[in-house]
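# Observations on chain architecture
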Amino acid sequence: TQSENVLGYYVNVERIPNSCRDSPNHIFLKDRKVLLNLSMAYYRVNISAYNKAGESPQAVYIVPDFSTTDLPGQIHVKHQGTNAVVTWTPEYNPKCFVVDWGTSKEDMCMKIVTTATGNFTLDNFQPYKLYKIMVHASDVCQCESFTRHEKTFGVTHFYSVEGVPRTGPANVTILNITKHSALVKWTEIAAEDCLGFLQGYRISYMDLSRKKSLAFTLNSSATSYRLTGLKEKTIYRVQISGFTNAGEGPPTLSQPFSTPKFGTVEGLCICVTQHQS
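By the naming in an unreviewed UniProt entry, the chain goes by SDK2 protein and is assigned to Fregetta grallaria.

This is the structure we're talking about:
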């Protein structure tokens, strides 16, 4: 609102985490835009304006996650107790690698690997938590250079120990009920409740008149399933659970529904023609 009084802008680009906290990347601008060529690490951008009277308070922007497609390399992780051995095969040999790992941008750790190696041991992993591991390459191994020179080699996610989901999916609803079918929909299990890599869902339903239960296994991307072959005028109960490599979690509360005796007719058009004598 007072841009006519602004002489320029200070932009500080800081890597998260940053082992070189005393050397953020300072940029001085006259315009209100800047092009940043960054790796896929987390970054904090602090922007302030200045004029003859001094400097304004800073506006803080956290660069959001980038898509992990089209990266040049693959990262493999094997757990060893509370440690993890990270291996990769670089396409070339940069002067150093920068490894980031943590459960979120608030608790990321950073390590600079200057030896010509394709593996690195990380420690202090907690069970049942999803970690993000990133490996970046840089041909300039000075602290102040990483925001300008590092390029992301690969990104992966890792559990040191997997558990079963602590809950089933949410918002289970039964829709479009007919004599012989019904559509079951649900909301995926939240990532923080999976406690491992979600492999899929198990949906089971029971005919209460005969106490007969059937079950199907679906992949982890499924959020709906149509039950078919149902009996008319019958009460059913549906439950859904998620499973990881560690096993199956608790099912949802039983959801009852009943099929009608008569089916529904969709798209029926009744046309009446009047004849005059």
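What follows continues from the structure just given.
Taken as a whole and assessed by the stated rule, the structure comprises 10 aromatic pairs. Both rings, one in Phe125 and one in Phe158, keep their centres 5.3 Å apart while their planes meet at 85 degrees; by these two values the pair is edge-to-face. With Phe125 in the loop between β10 (119-122) and β11 (131-138) and Phe158 in strand β12 (residues 151-158), this pair connects stretches of sequence that are 33 residues apart. Here Phe125 and Phe158 have matching classes, each one buried. An angle of 65 degrees between the planes, with centres 5.6 Å apart, marks the rings of Trp186 and Tyr201 as edge-to-face. Of this pair, Trp186 sits in strand β14 (residues 181-187) while Tyr201 is found in strand β15 (residues 200-207), placing the two residues 15 residues apart along the sequence. Residue Trp186 is classed as buried on the basis of its relative accessible area of 5%. On the accessibility criterion, Tyr201 (0% relative accessible area) is buried. Linked through ring pairs, Tyr205, Phe216, Tyr225, Tyr236 and Phe257 together constitute an aromatic cluster.

This next bit is on the nonpolar core. Ranked by size, the top nonpolar core spans 19 residues in total, and within it Val184, Trp186, Ile203, Leu227, Val238, Ile240 and Phe257 carry the most contacts. Setting aside its immediate chain neighbours within four residues, Val238 contacts Ile174, Val184, Ile203, Ser204, Tyr205, Leu227, Leu253, Ser254, Gln255 and Phe257. Counting residues in hydrophobic clusters, the runner-up holds 17 residues, among them Ala84, Phe120, Phe153 and Phe158.

Time to look at the sheet that holds β10. Strand order in this open sheet of 3 strands is β6-β7-β10, and the pairing throughout is antiparallel. Looking at strand neighbours, the two that pair on one side only are β6 (75-80) and β10, the edges of this open sheet. Strand after strand, the sheet turns through a mean of 20 degrees between neighbouring axes, direction not considered. Examined bridge by bridge, β6 and strand β7 (residues 83-88) share 6 bridges and lie antiparallel to one another. From the neighbouring strand, Val77 faces β7, where its bridge partner is Val86.

With that settled, consider the environment of Lys179. Inspection of the secondary structure puts Lys179 in the loop between β13 (170-175) and β14. Looking at Lys179, the relative accessible area reads 24%, which means it is partly exposed. Taking C-alpha positions, Lys179 is 4.6 Å from Glu232, a pair spaced 53 residues apart along the chain. Within the structure, Lys179 has its side chain in polar contact with the side chain of Glu232 (distance 3.3 Å).

Another point: the environment of Gly8. Tracing the backbone shows Gly8 in strand β1 (residues 8-16). A C-alpha to C-alpha distance of 7.0 Å links Gly8 and Asn51, two positions 43 residues apart in sequence. Discounting residues that sit within four places of it in the chain, Gly8 has contacts with Leu29, Lys30, Ser48, Ala49 and Tyr50.

To continue, consider the pairing of β12. Among the 8 residues that make up β12, 6 are buried, leaving the element largely enclosed by the rest of the structure. Pairing of β11 with β12 involves 7 bridges; the strand directions are antiparallel. By the bridge assignment, Ala137 is partnered in β12 with Lys151.

Below, the discussion takes up the confidence of the model for the chain. Summing up the model confidence of the chain, the mean pLDDT is 83 and the portion of residues at 70 or higher is 86%. Within the chain, helix α1 (residues 146-149) has the poorest average pLDDT of any element, 70, and strand β19 (residues 247-248) the best, 96.

What follows concerns the pattern of salt bridges. Taken as a whole and assessed by the stated rule, the structure comprises 5 salt bridges. With its nearest N and O atoms 3.4 Å apart, the salt bridge here joins Glu14 to Arg44. Here Glu14, found in strand β1, pairs with Arg44, found in strand β3 (residues 42-51); they are 30 residues apart in sequence, far enough to count as distant. The class of Glu14 is buried, set by a relative accessible area of 15%. The partner of Asp100 in a salt bridge is Arg15, with the nearest N and O atoms 2.7 Å apart. You can see Asp100 sitting in strand β8 (residues 96-102) and its partner Arg15 sitting in strand β1, a full 85 residues away along the chain. Accessibility assignment for this pair places Asp100 and Arg15 in one class, buried. One network of salt bridges, in which partners are shared, links Arg15, Asp100 and Glu150.

What counts and what doesn't
- Residues numbered from 1 in each chain as written.
- Predicted model: local features only at pLDDT ≥ 70, side-chain atom pairs only at ≥ 80, totals over all residues.
- Heavy atoms only, no water.
- Phe/Tyr/Trp six-rings, centres within 6.5 Å; stacked < 30°, edge-to-face > 60°.
- Helix = DSSP H or I, 4+ residues; strand = E, 2+ residues; numbered from the N terminus.
- Buried < 20%, exposed > 50% of the residue type's maximum accessible area, 1.4 Å probe, protein only.
- Core = buried A, V, L, I, M, F, W, Y, C linked by side-chain atoms within 4.5 Å.
- Contact = heavy atoms within 4.5 Å.
- Pairing = 2+ DSSP bridges.
- Axes fitted to C-alpha atoms, helices over the stretch in contact; angles between N-to-C directions.
- Polar contact = N/O pair within 3.5 Å; in protein donor to acceptor, adjacent residues only side chain to side chain.
- pLDDT = per-residue confidence, 0-100.
- Salt bridge = Lys/Arg side-chain N within 4 Å of Asp/Glu carboxyl O.

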